[in-house]
Amino acid sequence: MPFEPLLTRNIAKPASETLEVYLASGGYQGLRRVLKEFTPESFLEEVKTSGLRGRGGAGFPTGVKWGFLPKTRDKPRYLCVNADESEPGTFKDRLLIEKDPHLVLEGIILSAYAIECHTAFFYIRGEFHAGARLFQRAIDEAYARGFLGGNILGSGFDLDLIVYRGAGAYICGEETALLESLEGKRGLPRIKPPFPAVVGLYGCPTIINNVETLANVTLIAERGAAWFAGIGRPRNTGPKLFCVSGHVKRPGVYEEALGVPLPQLLERAGGMLHPDRPLKAVVPGGSSMKILPAANCDVVMDFDSLAAAGSSLGSAGVIVMDSGTCIVWALLNLARFYAHESCGQCTPCREGTGWFVKILERLESGRGMASDPALLVDVAGRVEGNTICPFGEAIAWPVQSYVKAFRGEFEEHVTRRGCPLMAVAAR
Amino acid sequence: MTLPVGAGTDRRIDEILTRFPRRGSALLPALHAIQEEKGFISEEAMVYVAGKVGVSPSFVEGVVSFYTMFQRRPVGRHHIQLCRTLPCALRGCGRILEHFERRLGIREGGKTPDGKFSLVTVECLGTCDTAPMVQINDREYGPLDEAKVDAILASLE
């Protein structure tokens, strides 16, 4: 049976981004219900009960994160929406922002209510020009109809929401770098602890949630935690947007319950692009996650199953590579990405990413040394765990896993003095 | 003293300064406003915005140089940003780059002599479902092949 779309139920409708269409499909009913029937505490408990885990990459339980806010109320609290979608292979938040902004907006209002915050920020990556315009329009519509501003729907709850545009920096998707950027600075991640829930934006308690996470909060408000917890698998509940890219016939965003088998997902994306080139490997969770060679691709797509399979669901950016793909070339492409996007604050990441590029360039161009595969793994081990933010792991994991799963191909680049697949890769 | 930005942008920045709990947060939106008007951020504009926001000019330069979208010098009227990251590379962005270079007669990082086009490669633009793709000013185009590139270039004034 096909999965009933929940997060994407509106996107195919004409003018799906407008308040009128959203209201006509029952929009903001969840908010009305929660403002009437729930206290902030009881709605926070509801979200905890739903089992919702963050959709940004880490998969941390949302309600538990909210619970880390200090009980004292001597400072304002802030909610920052992480719409800095930048993980290569990920394009799900953009779809929600552009096609159903009110689904996200309702989730923001609900979440702000749960954590008793009255000022929220929507940090959207600078390159999403249309997204920023459309979301601002949704905000304006919401103010005009009393869903934002003072005394929302007569409940006595106040909330202001401000759009903040980034300016082109992958690192600002890391939550503390996002806060620095929002304060008008270079996006250099902060040392944790203190965690943002205690010392966040402007030194105040702050919650940072991903766009898709907040859209899920709307669903919980509409239909309840028990219903939500019934979707997916134990500890991995709810619907999920999967972004399929690379060598498939129909790249795109596909909504499924958490725990959908990877082969089924690839089938929905139309199967392999070239009939004569079988699957070689899949990166299941955005470019920072470990690669699964084809032999290990019979997995189900949820947080715990992919962790057990040696990778991670991450941002659910599913990058598909066929037999024509050179793994060394693919890793070199990513190493260049990480070298460019490293903020430069920590030496292991700043220098390590440069080393990866240098070693992979010489392997790919036929000047590699027999010791290079081991050297890559060695450098990765010195980056992993030695940086302020998870960016270090984001490049160490691909390097370690690509070399481990395709060691023979790296060695072949040395013995053959070049790339056996170069001609195919260039196509 | 003449301002390095127009009166409209100056007023817009004054409004931006009232928007945030802390003044410093106005810096990125103010820089975006300047770039929208001027196309790039000059040294004079950095000194000006530093005074507005209440930080040092060197702090502003640090911020401008950190974010890839802030231009230090004028780009082409049509600024072509071609995504080069893995999902686009798997779908042949290398070939598309070569075609842009051939058609425009410039290399990656260059600008046509008439100032009409500039061409750069950028990292993942979060639009991998339409790979290979470009963003030209604030519009996205994809999936591209050689014929579509020709049609797009012909359509731009």
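Coordinates for the structure precede this section.
Throughout what follows, the structure given in this document is the object of discussion. (Residues numbered from 1 in each chain as written. Chains lettered and ligands numbered in written order. Predicted model: local features only at pLDDT ≥ 70, side-chain atom pairs only at ≥ 80, totals over all residues. Heavy atoms only, no water.)

**Observations regarding the overall build of chain A**
In terms of regular secondary structure, chain A is built from 18 helices and 13 strands. Radius of gyration (C-alpha) of chain A: 22 Å, near the 22 Å computed for a compact globule of 427 residues. Its C-alpha atoms give chain A principal-axis dimensions of roughly 75 × 50 × 35 Å. Across the 427 residues that make up chain A, the buried fraction comes to 62%. A sequence separation of at least 24 residues applies to 71% of the contacts in chain A between residues at least 6 apart. Separation of charge centres in chain A, based on 46 positive and 46 negative side chains, amounts to 2 Å. (Helix = DSSP H or I, 4+ residues; strand = E, 2+ residues; numbered from the N terminus. Rg over C-alpha atoms; globule rule 2.2 N^0.38 Å. Buried < 20%, exposed > 50% of the residue type's maximum accessible area, 1.4 Å probe, protein only. Contact = heavy atoms within 4.5 Å. Lys, Arg positive; Asp, Glu negative; His and termini not counted. Charge placed at Lys NZ, Arg CZ, Asp CG, Glu CD.)

**Structural notes on a nonpolar patch on the surface**
A contiguous nonpolar patch, built from Phe60(A), Val64(A) and Phe68(A) and spanning about 260 Å² of accessible area, is present on the exposed surface. If you trace the backbone, Phe68(A) turns up in the loop between helix 4 (62-67) and strand 1 (78-83). (Patch = residues over 30% accessible without salt bridge, like charges linked within 9 Å, V, L, I, M, F, W, Y side chains within 5 Å. Areas by Shrake-Rupley, 256 points an atom, 1.4 Å probe, with all protein chains shown as cover. Salt bridge = Lys/Arg side-chain N within 4 Å of Asp/Glu carboxyl O.)

**A look at empty space enclosed by the protein**
Taken as a whole and assessed by the stated rule, the structure comprises 1 cavity of 30 Å³ or more. Forming the walls of the largest cavity are Pro189(A), Ser342(A), Cys343(A), Gly344(A), Gln345(A), Cys346(A), Cys349(A), Arg350(A), Thr387(A), Ile388(A), Cys389(A) and Phe391(A). (1 Å grid on protein atoms, 1.4 Å probe; cavity = no way out; pocket = protein on both sides within 12 Å on 5 of 7 lines; lining within 4 Å. Points joined across faces, edges and corners; volume = space filled by probe spheres on them.)

**So, unusual backbone geometry**
Residues Ala131(B) and Pro132(B) are joined by a peptide bond in cis, for which omega reads -5°. Position of Pro132(B) relative to the elements: it lies in the loop between strand 2 (117-122) and strand 3 (134-136). Between Gly142(B) and Pro143(B) the backbone carries a cis peptide bond, its omega angle lying at -5°. As for its placement among the helices and strands, Pro143(B) is situated in the loop between strand 4 (139-141) and helix 7 (146-155). With a phi angle near 55°, Glu116(A) is a residue other than glycine that sits in the positive phi range. Looking at the element boundaries, Glu116(A) is found in the loop between helix 6 (101-115) and strand 2 (119-124). A relative accessible area of 28% places Glu116(A) in the partly exposed class. One non-glycine residue with positive phi stands out, namely Asn137(B), at about 50°. The residue Asn137(B) is located in the loop between strand 3 and strand 4 in this model.

**Regarding the layout of surface pockets**
A probe as big as a water molecule, rolled over the atoms, marks out the empty space that is left. If you add up the space inside the largest pocket, you get close to 1,300 Å³. In terms of lining, the largest pocket is formed by 47 residues, of which the most central are Gly56(A), Gly57(A), Ala58(A), Gly173(A) and Glu175(A). At the level of elements, helix 4, helix 5 (92-99), strand 4 (206-210) and helix 16 (391-405) of chain A are the ones that each hand at least two residues to the lining of the largest pocket. The element contributing the most residues to the lining of the largest pocket is strand 4 of chain A, with 5 residues. In terms of residue class, the lining of the largest pocket is built from 18 nonpolar, 18 polar and 11 charged. Only helix 7 (129-144) and strand 3 (160-165) of chain A together with helix 1 (7-17), helix 2 (27-38) and strand 1 (78-83) of chain B provide two or more residues apiece to the lining of the second largest pocket. Among the elements that make up the lining of the second largest pocket, the one with the highest residue count is helix 2 of chain B (5 residues). Looking at side-chain class alone, the lining of the second largest pocket contains 10 nonpolar, 11 polar and 8 charged residues. (Nonpolar A, V, L, I, M, F, W, Y, C, P; charged D, E, K, R; others polar.)

**A few points about the sheet that holds strand 4 of chain A**
In any sheet, the strands associate via hydrogen bonds between backbone groups, in a parallel or an antiparallel arrangement. Residue and element names in this part refer to chain A. The strand order across the open sheet built from 4 strands is 3-2-1-4, with neighbouring strands paired in parallel fashion. Strand pairing shows two members of the sheet lacking a second neighbour, strand 3 and strand 4, which therefore form its edges. Each strand axis lies, on average, 20° off the axis of its neighbour in the sheet, ignoring direction. Pairing geometry for strand 1 and strand 4, over 5 bridges, is parallel. Looking across to strand 4, one finds that Tyr78 is bridged to Thr206. Sheet contacts for helix 9 (residues 211-223): strand 1, strand 2 and strand 4; angle to strand 4, the most-contacted strand, approximately 90°. (Pairing = 2+ DSSP bridges. Axes fitted to C-alpha atoms, helices over the stretch in contact; angles between N-to-C directions.)

**Points about the interface of chain B and chain A**
Tallying the contact residues gives 40 residues for chain B and 56 residues for chain A. Together chain B and chain A conceal approximately 3,900 Å² of surface at their shared face, both sides included; 60% is due to carbon and sulfur atoms. Taken as a group, Phe66(B), Leu86(B) and Leu90(B) account for 17% of the area that chain B buries against chain A, more than any other trio of residues on that side. One can count 2 salt bridges joining chain B with chain A. For the salt bridge of Arg133(A) with Asp138(B), the shortest nitrogen-to-oxygen distance reads 3.4 Å. (Buried area = accessible area lost by both parts, 1.4 Å probe.)

Purely geometric stuff here, so don't read any function into it on its own.
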